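Inside the fold
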Amino acid sequence: MPPPPPRPPNTIIKDLTSLAKYIQSDACKSIVVLTGAGISVNSGIPDFRSAGGMYSTLRADLLTCSAAQRRLMEQDPTYVVSWDIFQRNAFPYLEVRRPFILGTAQQQWKATLSHHFLKLLDTKTNKLTRVYTQNIDGLDHQCFPDNNNDNKIVSVHGTIAQVACEGCGTGMEFDAFCQQVQSNIKDIYDPSLSDDEKKQQTSKPIHCPSCQQPLVKPKTVLFGRSLPEEFFVAVKQDMPQADLLIVAGTSLVVSPANSLVYQVNDDCARVVINQEAVGQELGIEYDYTDGSGGNKRRDYFAKGDCDQVCLELCQALGWEQDLLAIQDSLPEMSRAVLLAAASNKPQMRNNSK
Ligand code: OAD
């Protein structure tokens, strides 16, 4: 038996105006969102894979590790956040993550306009089923502080602000952990030190208070470790009923998080908000014609900065005043996007190809 033909899409989305109409229509009952590092960039946190991102700027030569481990990180920078190296040597992970850990403790970063858009999507429509965030920065939780009650946020790759031993699972208070990171882990980003001075500095292990292994770290998912159980439970529940999947600020290269784009039904509209086209190898189509003159548009690419696109979508939805009301809580770059638009309303985009 040949497989049944794909179900036609619920809607044709050709611009942000038609996306807004779809969101507000009865046909769209359940919205699922998958986010990545791109939605936090305007808070000042670099992403992973862009130029200037964590992987392209990784200085393996400054890290406390063997020559063989250094070579592996130089070949594949994701190795620095893998279980394979962490179980042998926790220093590279802790040294690379030191500023992020300490900055989180100091609440250095604020939720962006894109995060606030997701909160509006929830409160204004009551259709937001879930946000799957690959981000470990906790900025989603600033907008959804009541997450323990409704579990709207699934932190697919864990979070930096909770700490546990990778060996025995015993938790540690974040503040106590930060004190040890501050005192034990060398600062490879200190601008006052030369590279040679940084290389000469040493780090000391942080031991688990329970099993004594030097495996204490933020509860982020290392490559080679499994995702939290709640991810698999939520995906099973959410994907079959999703009418709209919004993918924002992710390269879609890491599985299984990226599997969301093909776990939704054929009639679920998929919108990608990103500065580059991603996910074609997962089945997202940026060419909307089927060769016979027909249109198979179920995917829409809103190309651009996440905050800019979310702002324009808010304008199309009539929510701009809600963003203006929280402008003081936004990071500088998000506020600049908002205020530039308020003083000089841009044309609504129509870049569906
Ligand atoms: P990536 O760095 O791989 O991808 C970020 C995407 O966002 C890229 O496609 C950028 O072009 C885009 N982007 C950056 N800034 C943007 C902006 N202001 N507006 C619009 N788009 C922007 O980050 P993730 O996809 O989140 O996992 O990475 C996925 C996972 O890989 C992470 O969770 C992390 C990493 O290794 C683990 O460590 C397990």
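An unreviewed UniProt entry annotates the protein chain as Deacetylase sirtuin-type domain-containing protein of Cylindrotheca closterium. Regarding the protein chain, the relevant UniProt record gives this comment under Cofactor (unreviewed entry): "Zn(2+)".

1. Here we look at the packing of aromatic side chains
All told, the structure shown has 6 aromatic pairs when counted by the stated rule. Judged by centre distance (5.4 Å) and plane angle (70°), the ring pair of F100 and W109 falls under edge-to-face. Assessed through its relative accessible area of 9%, F100 is described here as buried. Relative to F231, the ring of Y132 lies with its centre 5.9 Å away and its plane at 85°, an arrangement referred to as edge-to-face. One end of the pair, Y132, is in strand β2 (residues 128-133); the other, F231, is in helix α10 (residues 229-238), and 99 residues separate them in sequence. The residues Y132 and F231 share a single accessibility class, namely buried. Aromatic rings pair up to connect Y132, F231 and F232 into one cluster. In this structure, K217 packs its charged tip against the face of F86, placed 6.0 Å from the ring centre. When the ring centre of W83 is taken as reference, the NZ or CZ atom of R225 above it lies at 3.8 Å.

2. Description of the site of the ligand
Around the ligand, the structure places 24 residues, and the nearest of them are R49, Y55, T250, S251 and E276. H157 places a side-chain nitrogen or oxygen 2.7 Å from an oxygen atom of the ligand. Here Q275 contributes a backbone N or O atom positioned 3.2 Å from a nitrogen atom of the ligand. If the ligand stood free it would expose 790 Å²; the protein chains cover 96% of that surface. Among the residues making up the shell around the ligand, the classes are represented as 9 nonpolar, 11 polar and 4 charged.

3. So, the pairing of strand β9 (residues 299-303)
Counted residue by residue, β9 has 4 buried out of 5 residues, so it is predominantly covered. Bridge count between strand β8 (residues 269-274) and β9: 5 bridges; the pairing is parallel. Residue pairing in the sheet places R270 in a bridge with D299 of β9.

Cut-offs applied
- Residues numbered from 1 in each chain as written.
- Predicted model: local features only at pLDDT ≥ 70, side-chain atom pairs only at ≥ 80, totals over all residues.
- Heavy atoms only, no water.
- UniProt positions renumbered as here; feature names shortened; annotations may be inferred.
- Phe/Tyr/Trp six-rings, centres within 6.5 Å; stacked < 30°, edge-to-face > 60°.
- Buried < 20%, exposed > 50% of the residue type's maximum accessible area, 1.4 Å probe, protein only.
- Helix = DSSP H or I, 4+ residues; strand = E, 2+ residues; numbered from the N terminus.
- Lys NZ or Arg CZ within 6 Å of the ring centre and 35° of its normal.
- Near = heavy atom within 4 Å.
- Polar contact = N/O pair within 3.5 Å; in protein donor to acceptor, adjacent residues only side chain to side chain.
- Areas by Shrake-Rupley, 256 points an atom, 1.4 Å probe, with all protein chains shown as cover.
- Nonpolar A, V, L, I, M, F, W, Y, C, P; charged D, E, K, R; others polar.
- Pairing = 2+ DSSP bridges.

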